[in-house]
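Next come the chains, spelled out residue by residue.
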Amino acid sequence: MRPFTYARPDDAEAAVATVGADPGAVFLAGGTNLLDHLKLGVATPSSVVDLGRVTSTAITELDDGGDGDGDGDGDGAARSSTTRSGLRIGAGALNSDVAAHPLVRRRYPALAQALLAGASGQLRNMATTGGNLLQRTRCVYFADTTTPCTKRDLTQPCSAREGWTRYHAILGASEHCLATHPSDMAVALVALDATVQVLGADGTRTLPVAELHRLPGDDPTHDTVLRHGELITAVDLPASPIAARSAYRKVRDRASYAFALVSVAAALGVREGTVADVRIALGGVAPKPWRATRAEDALRGAPATDESYRAAARAELADADPVESPLGGNRFKLDLVVGALTDTLRRLTEEQHS
Amino acid sequence: MTTTIPIGLTVDGRHHDLDVDPRTTLLDALRERLGNTSPKKGCDHGQCGACTVLVDGRRVLSCLTLAVAKDAAEVTTADGLAPDGALHPVAEAFLAHDAYQCGFCTPGQVCSAVGVLDEAAHGAPSAVTDDLTGPTVLDRAEIAERMSGNLCRCAAYTNIVSAVAEVAGDAARRGSTVEGADR
């Protein structure tokens, strides 16, 4: 590990000012990704600014006047009464605490399931909400400083293109980078229309989680649209009648403690056999949590059937660009997306009939 | 050039003041500075779980924790779970069920299992919990999922699950509900 200075400021403004003043400074939250990168030499900060005293760990209800009416599917008053307000999750809230929170489990099951599908019990006790969003790709070439990588160094070529791409992108990649965003949590947040509160030197701003991460284009070195020194202080989940009917499905090489090959976060409202409302995001397939707007558009008003769900998945994959590489490529993800999305929506449909 | 930073750690009930290079992990502070070798350095990258300790009561990976960030924390290692040589019920169950072979991963497994039992007692769900709002019952599938962050290269997994299941016993069968999830 290269030497760095360490600071533990007492408030968010000081943390933002400290990092903002040093181009080589980084924030430290749970450390599960940063410590690994410090050891690997992937991260070589001049200073580490610890957020331990800075970010809120609170999970509180937001009075945002959400309609909470339900979608007329006869689900019952008791359930819709739990969807009348949104939720604010402090950026310092631990992944395990968010997953276990009663309101998250009742109102946003896809988020609880996504968090529980990620990492291990120990890591979830360390990893924070803000840090989870800002974790970096697990592309093996990015993590190995002896292999060229454009995300680490713009002057280097991408090693994945001719390499091992089982965990790499089929949507949204560029010739310079095929890396996927590894977060499960972020996929659920994107499907649930969550927003992030960001504090910078010039004050606060709010942006949708769906717009937080960027596609690599010709500069894969920046994963997000955040400026240096900007700090995520909270994640807001809007009130949403269909969020209580959401689910997260993760397909991976091991039953536990593995990153996604493909994952699906979906929320579904069915009325009289027809899709009344739907939210879908995909993980493991793109450089960012992928909001599947094409699939959503194809589904609104369509019959709530497997046939519709498969067609919607294929619509989303119309521009997919799987890699054919000597080490197996990742074309298999096309079928995996269709299967995982269809299965997730079918289960949500069945739940609404039971 | 790096300056050291003074911190205080309570480890297995004893307070220690020490000056650490900010790069020092909690694992290295415990092993190299305080001579507590019960947390093991397996992968040193957060993949194997051998370095698992309890910090302020919760299981974490000491290899991915900066010691300086845990100033004033209370750390419990597997060593501290056996004060004066009296084994913790989880460690006793590991013996009874032959839940190890070489034993290198065992201190981390034991700390992790203690964390699992506490998390279940607080009603925490897992990735294999069908009903997120239902009771938490530590059956074998639940234990295997919750212990998945601790690798055992001797593959004693079947007996590890049995050991944890025994200790879970009544506490797990009693269960708890989402109402009890207070953290």
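Residues numbered from 1 in each chain as written. Chains lettered and ligands numbered in written order. Predicted model: local features only at pLDDT ≥ 70, side-chain atom pairs only at ≥ 80, totals over all residues. Heavy atoms only, no water.

K.L.:
Quick question: what am I supposed to make of the interface of chain B and chain A here?
P.N.:
In this assembly, 41 residues from chain B lie in contact with 38 residues from chain A. The three residues of chain B that bury the most area against chain A are Arg-23, Leu-64 and Leu-132 of chain B, which together make up 20% of that side's buried surface. Remark: the boundary between chain B and chain A carries three salt bridges. With a closest N to O distance of 2.8 Å, Asp-97 of chain A and Arg-58 of chain B form a salt bridge. (Contact = heavy atoms within 4.5 Å. Buried area = accessible area lost by both parts, 1.4 Å probe. Salt bridge = Lys/Arg side-chain N within 4 Å of Asp/Glu carboxyl O.)

K.L.:
Would you take a moment to explain the nonpolar core for this structure?
P.N.:
Across soluble globular proteins, you tend to see nonpolar side chains buried next to one another. Core analysis: the largest hydrophobic core is formed by 41 residues, its most contacted members being Val-98, Leu-111, Leu-133, Leu-189, Val-196, Ile-232 and Leu-237 of chain A. Among the elements of the structure, strand S5 (86–90), helix H4 (95–100), helix H5 (102–107), helix H6 (109–117), helix H10 (185–191), strand S6 (195–200) and strand S8 (231–237) of chain A are those that each provide at least two residues to this core. Among the nonpolar cores identified, the runner-up in size contains 33 residues, and Leu-35 of chain A together with Ile-7, Leu-9 and Val-68 of chain B belong to it. (Core = buried A, V, L, I, M, F, W, Y, C linked by side-chain atoms within 4.5 Å. Buried < 20%, exposed > 50% of the residue type's maximum accessible area, 1.4 Å probe, protein only. Helix = DSSP H or I, 4+ residues; strand = E, 2+ residues; numbered from the N terminus.)

K.L.:
What should I look at first to understand the pattern of salt bridges in this one?
P.N.:
Where charged atoms of side chains with opposite charge meet at close range, the side chains can pair. On inspection of all chains with the given rule, the structure shows 30 salt bridges over all chains. Residue Asp-44 of chain B pairs with Lys-39 of chain A through a salt bridge whose shortest N-O separation is 2.8 Å. You can see Asp-44 of chain B sitting in the loop between helix H1 (26–33) and strand S3 (52–55) and its partner Lys-39 of chain A sitting in helix H2 (residues 34–40), one on each of two chains. Of the two residues, Asp-44 of chain B and Lys-39 of chain A, neither departs from the other in class, the shared state being buried. Among the salt bridges present, the one from Arg-23 of chain B reaches Asp-21 of chain B, with a minimum N-O distance of 2.9 Å. Since its relative accessible area comes to 24%, Arg-23 of chain B is described here as partly exposed. Through salt bridges that share partners, Asp-193, Asp-277, Arg-279, Arg-291, Glu-296, Asp-297 and Arg-300 of chain A make up one connected network.

K.L.:
What is the right way to look at the pairing of strand S7 (residues 203–208) of chain A in this model?
P.N.:
It is a general feature of regular strands that their side chains alternate between the two faces of the sheet. One ladder, built from six bridges, connects S6 of chain A with S7 of chain A; its direction is antiparallel. Its bridge partner being in S7 of chain A, Gly-200 of chain A is matched across the sheet by Gly-203 of chain A. (Pairing = 2+ DSSP bridges.)

K.L.:
Whenever I open this one, the sheet that holds strand S1 (residues 5–7) of chain A confuses me. Can you help?
P.N.:
Within a sheet, adjacent strands bond to each other through the backbone by hydrogen bonds, running parallel or antiparallel. Residues and elements named next belong to chain A. Spatially, S1-S3-S2 is the arrangement adopted by the three strands of the open sheet, whose pairing is parallel. Each edge of the open sheet is held by one strand with a lone partner, namely S1 and strand S2 (25–28). Averaged over all pairs of adjacent strands, the angle between strand axes in this sheet comes to 25°, irrespective of strand direction. As paired strands, S1 and strand S3 (residues 47–50) are joined by three bridges and run parallel to one another. Bridge pairing links Thr-5 to Ser-47 in S3. This element, helix H1 (residues 12–20), spans S2 and S3 of the sheet and lies at about 150° to S2. (Axes fitted to C-alpha atoms, helices over the stretch in contact; angles between N-to-C directions.)

K.L.:
Teacher, can you tell me more about the domain arrangement of chain B here?
P.N.:
Interfaces are often sized by the amount of accessible area the parts lose when they come together. Residues and elements named next belong to chain B. Split into domains, chain B comes out as domain 1 (5–81) and domain 2 (87–180). With centres defined by C-alpha atoms, the gap from domain 1 to domain 2 works out at 22 Å. Across the boundary between the two partners, domain 1 contributes 17 residues, which contact 17 residues of domain 2. Interface of domain 1 and domain 2: buried area, both sides summed, is about 1,300 Å²; carbon and sulfur atoms make up 61% of it. The largest contributions to the domain 1 side of the interface with domain 2 come from Lys-40, Arg-59 and Leu-81, which together make up 46% of the buried area. Across the contact surface, domain 1 and domain 2 share one salt bridge. Glu-119 is the partner of Arg-59 in a salt bridge, and the nearest nitrogen-oxygen pair spans 2.9 Å. (Domains from an automatic or database assignment.)

K.L.:
What exactly am I supposed to notice about the pairing of strand S2 (residues 14–20) of chain B here?
P.N.:
All names here are of chain B. Two elements, strand S1 (residues 5–11) and S2, share seven bridges in a ladder whose sense is antiparallel. Paired with Pro-6 across the bridge in S2 is Asp-19. Counted between consecutive antiparallel strands, the loop separating S1 from S2 contains two residues, among which Asp-12 sits at a positive phi close to 50°.

K.L.:
Got a minute to help me understand the packing of aromatic side chains in this structure?
P.N.:
Centre distance and the angle of the planes are the two values used to describe a pair of aromatic rings. Under the defined criterion, the tally for this structure stands at one aromatic pair over all chains. Geometrically, the ring pair formed by Trp-164 of chain A and Tyr-167 of chain A is tilted, given 5.6 Å between the ring centres and 45° between the ring planes. (Phe/Tyr/Trp six-rings, centres within 6.5 Å; stacked < 30°, edge-to-face > 60°.)

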